[in-house]
Amino acid sequence: MQALYAYGPKDLRLGTAPDDLLGPGQLRIKMARGGICGSDLHYFNHGGFGTVKLREPMILGHEVSGHVTEIGTGVDGYSVGDLVAVSPSRPCGVCDECLRGLPNQCLNMRFYGSAMPFPHIQGAFRESLIADAAQCINADGLTPAEAAMAEPLAVCLHAMAQAGTVLGKRVLVTGCGPIGVLVILAARRAGASEIIATDITDTALSRAKTAGADVTLNSLTHPEALAPYAAAKGSIDTGVECSGAEPALRAMVGALRPRATLVQLGLSGDMTLPMMQITAKELSLKGSFRFHAEFAQAVAFMQKGLIDVAPLVTHSFPLAQYATAFATANDRATAMKVQLEFT
Ligand code: ZN
């Protein structure tokens, strides 16, 4: 079967991946759609991010959906042909972090398409995949494109859980790529009274507006755009930083009001913090990393029509056109979410 491997910066190749044997409790899935994520782009552009670097060829991809083609022994509740969203999160279930209820912090996590451990964990941009049934959520009623959005939506639902209640609050979202826009959709659903969004491209900001942002600000053309919100001691209750860019983080800290919560979701390497302000305003600084239970919640939110991700999927390309797909995903002025088609 064909799979898409990253060998290093700007070096993607279609290769042959082994067809594994189907085990008990597993499903064989003919892949349908795979979304290109920011981390896939980091591997493509730079061979990794922060201290995480490719040390061997790795199949990319972790935002995937597909159709069940074979069902292992002991699996109930699936039929051949079912559309499933496949969670890339594979915690071990027995380490100290899993046992204290933090599967996203698993010490032995085998998250698809990750170069954090070595050997790297191979990803899901492939024609066929064997997954544990426990990783799969029946996506009946969704399109394959929507089902493949369950993963990034789960990331954002986890960030909202880290943020705590936003009911009636003023929320600032910095960085309006797919993650930022999904955070806006989730914050709106969670009852935020006002959502302010910043980005450095007008295309992203127009999508933020469509998703429900009340105010959109271009921080490239108007670097001081958040200044009015930073007056006195700040006026934002909750900030979700989705860009991983230090200037965005600094502007957010300035705009947050005393005892506000800042959730750092963007991940692109270390940043320097304005610690004086964080201390003096008694801010709560929280990270947000991956997800676990939120994956099933994401599918349910979409199935119930509570969050509509369809407008975010702006482009899709057959697997053979992976080069065009990645070039398009790199162009933030044009693309929001780019997906590969495996069938
Ligand atoms: Zn574990």
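Placed above this text is the structure.
Scope of this entry: the structure provided in the associated data block.

Before going further, it helps to spend a moment on the packing of aromatic side chains. Throughout the structure, instances matching the rule amount to six aromatic pairs. Linked through ring pairs, Phe111, Phe291 and Phe295 together constitute an aromatic cluster. Across the ring face of Tyr7, the terminal group of Arg13 is positioned such that the distance to the ring centre comes to 3.6 Å. Of note, Arg290 hangs over the ring of Phe111, and the distance from its end group to the ring centre comes to 4.1 Å.

A word on unusual backbone geometry. Across the junction of Phe118 and Pro119, the peptide omega takes the value -5 degrees, indicating a cis bond. Along the chain, Pro119 turns up in the loop between helix H2 (96-99) and strand S9 (128-132). With a phi close to 65 degrees, Arg259 is a non-glycine residue in the positive phi region. Inspection of the secondary structure assignment puts Arg259 in strand S15 (residues 256-264). Even without being glycine, Glu282 reaches a positive phi, approximately 55 degrees.

Looking now at the pattern of salt bridges. One pass over the structure, following the stated rule, counts ten salt bridges. Here Lys337 and Glu63 are joined by a salt bridge, their closest N and O atoms 3.0 Å apart. A residue pair is termed long-range when its members are at least 10 positions apart, and Lys337 in strand S18 (residues 337-341) and Glu63 in strand S7 (residues 63-71) qualify at 274 residues. You can call Glu63 buried: its relative accessible area is 1%. One salt bridge connects Glu246 with Arg250, and the closest N-O pair in it is separated by 3.2 Å. On the criterion of helical spacing, the pair formed by Glu246 and Arg250 is a turn pair, its members being four residues apart in helix H7 (residues 246-255). Using a relative accessible area of 36% as the deciding quantity, one classes Arg250 as partly exposed.

Criteria and cut-off values
- Residues numbered from 1 in each chain as written.
- Predicted model: local features only at pLDDT ≥ 70, side-chain atom pairs only at ≥ 80, totals over all residues.
- Heavy atoms only, no water.
- Phe/Tyr/Trp six-rings, centres within 6.5 Å; stacked < 30°, edge-to-face > 60°.
- Lys NZ or Arg CZ within 6 Å of the ring centre and 35° of its normal.
- Helix = DSSP H or I, 4+ residues; strand = E, 2+ residues; numbered from the N terminus.
- Salt bridge = Lys/Arg side-chain N within 4 Å of Asp/Glu carboxyl O.
- Buried < 20%, exposed > 50% of the residue type's maximum accessible area, 1.4 Å probe, protein only.

Structural measurements only, silent on function.
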